Amino acid sequence: MRLKNRIYVIGAICCISLSSAQNRDSLEVDLKRFFSPTKALLYSDAEEATTTLNKVHQEFLRLGDTLKSIEALIQIADIYGHRADYANSYDAFWKSLSLAAELKNDSLDVHISMRLGRFYSFYKRENEALQYLQSSLDIQKGRVAKGEALTLELVPNYYAFLSTYRELNRPLLAEKYLDSCMQYYQASPIQVPMPQLQFEEAVILSQRNKNQRALEIMKETEPWFQEYRPSYLVLVYSYWGDIYRNLGDLQSSGSYYQKALDTSGEFKAHIDFTPLIYERIAALYFEKGDYRRAFENQKMAKELDADFFDSRSTKNRTLLEIKDEYQLEKQRQEALIKEQRLEQLEQEEEILLLQRLLLSVAIISILLMAFVYFKLLRNRLKVENELLA
């Protein structure tokens, strides 16, 4: 096991090193890693993965590479988040925020603001979620305008809005941001994979009652998810079940809801989504007239929802007691900077006033000296003229 852990540590270090070797001054997320089979491996053994990544984090801190250290922490936050352990996820993310505050890196700020927006969206805190997502987008647009980022790098920002509006059941707004994703889309290693966008398109189509086309897209993209991001099939199968339900095929709908639950259990991923799946199953049984099973599944949904998101849950009490420390810390820093700037301006004003005073004294002194000199000269000439007379 020790040898295995060492191999994982070395592998993780190499993985992070490769993703940022080209530019040590920016944290451009290599999305290929986030949609790869190795990600599924991490979720299958979360304890070992987080232990490994913590070692990676500490090692990069020791080496003085803050950016790579932050990336390791963000991966830890990802793993906990997929297991609906938001307290530990936020804790890891908060550590990354503390380190990031020292760097003043726009690329990093884009990523952090986006992730904060997604955190808030999990708790249906729509205003805060959209505020951070917009902040991330604004920073990224600024980078594009200055030539620091490519236009295709706007797609992950629009995709974050798209996913959030899907979760909030706002299909019209989701479609707007899907259009933005497609507008700026270019094939690239740092791009959101096209099957992800096609999945979102299928969901929107099903909500517009275009279920046959939505079903075709699901069938077309399933092999990609099976190969590259099997854990995401939790969501794919859930919405696939919705499509069959829209078509009146309740048996197939229930089958896909069950596949979603099985996938979540297999990969220990998107556990926070399971309450919604149980709600769907409950509604399905209700339509069938099986009220006992409908009640059982609805009860399971409520219990899981309370465990994952209720402030009374032991798992989340600490998280929800945390006020927005990052924002408060930023406000404190901004206030300190303003105060220092004000003091600097006051000092500059005092220096300027002193300079003006010294200049005035110098001018007056020169004028007095000139007056005395000319008076003496005049008196001298007067005396000489009297002597000559």
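Definitions and cut-offs
- Residues numbered from 1 in each chain as written.
- Predicted model: local features only at pLDDT ≥ 70, side-chain atom pairs only at ≥ 80, totals over all residues.
- Heavy atoms only, no water.
- Helix = DSSP H or I, 4+ residues; strand = E, 2+ residues; numbered from the N terminus.
- Contact = heavy atoms within 4.5 Å.
- Areas by Shrake-Rupley, 256 points an atom, 1.4 Å probe, with all protein chains shown as cover.
- Expected span 1.5 Å × (residues − 1).
- Buried < 20%, exposed > 50% of the residue type's maximum accessible area, 1.4 Å probe, protein only.
- Salt bridge = Lys/Arg side-chain N within 4 Å of Asp/Glu carboxyl O.
- Patch = residues over 30% accessible without salt bridge, like charges linked within 9 Å, V, L, I, M, F, W, Y side chains within 5 Å.
- Lys, Arg positive; Asp, Glu negative; His and termini not counted.
- Charge placed at Lys NZ, Arg CZ, Asp CG, Glu CD.
- pLDDT = per-residue confidence, 0-100.
- Core = buried A, V, L, I, M, F, W, Y, C linked by side-chain atoms within 4.5 Å.
- Axes fitted to C-alpha atoms, helices over the stretch in contact; angles between N-to-C directions.
- Parallel < 35°, antiparallel > 145°, perpendicular 65-115°, else oblique.
- Left-handed = near helix turned anticlockwise from the far one by under 90°.
- Phe/Tyr/Trp six-rings, centres within 6.5 Å; stacked < 30°, edge-to-face > 60°.
- Lys NZ or Arg CZ within 6 Å of the ring centre and 35° of its normal.

### Here we look at the overall build of the protein chain
Line of reasoning, step 1. Counting its secondary structure elements, the protein chain contains 18 helices and zero strands.
Line of reasoning, step 2. The contacts of the protein chain with a sequence gap of at least 6 include a subset with a gap of at least 24, amounting to 63%.
Line of reasoning, step 3. Accessible surface computed for the protein chain: about 21,700 Å², of which carbon and sulfur atoms make up 55%.

### Structural notes on helix α13 (residues 233-246)
In an α-helix there are 3.6 residues to a turn, and that puts residues three or four apart on one side.
Line of reasoning, step 1. Taking 1.5 Å of rise per residue, 14 residues should cover 20 Å, and α13 covers 19 Å from first to last C-alpha, within 8% of that figure.
Line of reasoning, step 2. All of the buried residues in α13 are L233, V234, L235, V236, Y237, S238, Y239, W240, G241, D242, I243 and Y244.
Line of reasoning, step 3. Taken together, the buried residues of α13 touch α9 (155-167), α11 (194-207), α12 (211-228), α14 (250-267) and α15 (274-288).
Line of reasoning, step 4. Positive phi shows up at G248, right after α13, with a value of about 85°.

### Remarks on the pattern of salt bridges
Line of reasoning, step 1. Taken as a whole, this structure holds 17 salt bridges when the rule is applied.
Line of reasoning, step 2. One salt bridge in this structure joins E167 and R118, with 2.7 Å as the shortest N-O distance. Pair noted here: E167 is in helix α9 and R118 is in helix α7 (residues 106-122), with a separation of 49 residues, a long-range link.
Line of reasoning, step 3. The exposure class assigned to E167 is partly exposed, which follows from its relative accessible area of 27%.
Line of reasoning, step 4. Connected through salt bridges with shared partners, the residues D106, K146 and E148 form a single ionic network.

### Examining a negative patch on the surface
Line of reasoning, step 1. Side chains of E339, E343, E346, E349 and E350 sit close together on the surface and give a patch of like negative charge.
Line of reasoning, step 2. Examined against the element boundaries, E350 turns out to sit in helix α18 (residues 325-388).

### Details of the confidence of the model for the protein chain
Line of reasoning, step 1. The predicted model of the protein chain has a mean per-residue pLDDT of 81, with 79% of residues at 70 or higher.
Line of reasoning, step 2. Overall, residues 1-43 carries pLDDT values under 50, and its contacts beyond four positions in sequence, including any with other chains, amount to 88 contacts.

### Observations concerning the side chain of Q140
Line of reasoning, step 1. Here Q140 is to be found in helix α8 (residues 126-145).
Line of reasoning, step 2. Looking at Q140, the relative accessible area reads 5%, which means it is buried.
Line of reasoning, step 3. Excluding its chain neighbours within four sequence positions, the residues that come into contact with Q140 are V110, A149, E153, L154 and N157.

### Focus: helix α5 (residues 66-82)
Line of reasoning, step 1. Taking 1.5 Å per residue, 17 residues should reach 24 Å; α5 reaches 25 Å between its end C-alpha atoms and fits that length.
Line of reasoning, step 2. Among the 17 residues that make up α5, 16 are buried, leaving the element largely enclosed by the rest of the structure.
Line of reasoning, step 3. Following α5 by one or two positions, A84 has its phi on the positive side, about 60°.

### What to know about the nonpolar core
Line of reasoning, step 1. Core analysis: the largest hydrophobic core is formed by 60 residues, its most contacted members being L162, F199, M218, V236, W240 and I277.
Line of reasoning, step 2. In contact with I277, not counting residues within four places along its chain, are V234, S238, Y257, A260 and L261.
Line of reasoning, step 3. The next biggest cluster of nonpolar side chains, apart from the first, holds 22 residues, and it includes L73, I74, I79 and F93.

### A short note on the packing of α5 against α7
Line of reasoning, step 1. Two elements in contact, α5 and α7, have axes whose closest approach is 13 Å; the angle formed by their N-to-C orientations is 15°. The angle between α5 and α7 falls in the class roughly parallel. Crossing geometry of α5 relative to α7 is assigned as left-handed. Note on element contacts: α7 touches α5 through L108, H111 and R115, opposite L67, I70, I74 and D78.

### Observations regarding the packing of aromatic side chains
Line of reasoning, step 1. One pass over the structure, following the stated rule, counts 19 aromatic pairs.
Line of reasoning, step 2. Both rings, one in F161 and one in Y165, keep their centres 6.4 Å apart while their planes meet at 20°; by these two values the pair is stacked. Highlighted residues: F161 and Y165, both in helix α9, separated by four residues, approximately one helical turn.
Line of reasoning, step 3. For F161, a relative accessible area of 2% translates into the label buried.
Line of reasoning, step 4. Judged by centre distance (5.7 Å) and plane angle (15°), the rings of F225 and Y232 are stacked.
Line of reasoning, step 5. Ring pairing ties together the aromatic residues F199, W224, F225, Y228, Y232, Y239 and F273, which thus form one cluster.
Line of reasoning, step 6. We note K259 situated over the ring of Y237; from NZ or CZ to the ring centre the distance is 4.4 Å.
Line of reasoning, step 7. Looking at R280, its charged tip hangs above the ring of Y239, at a distance of 5.2 Å from the centre.

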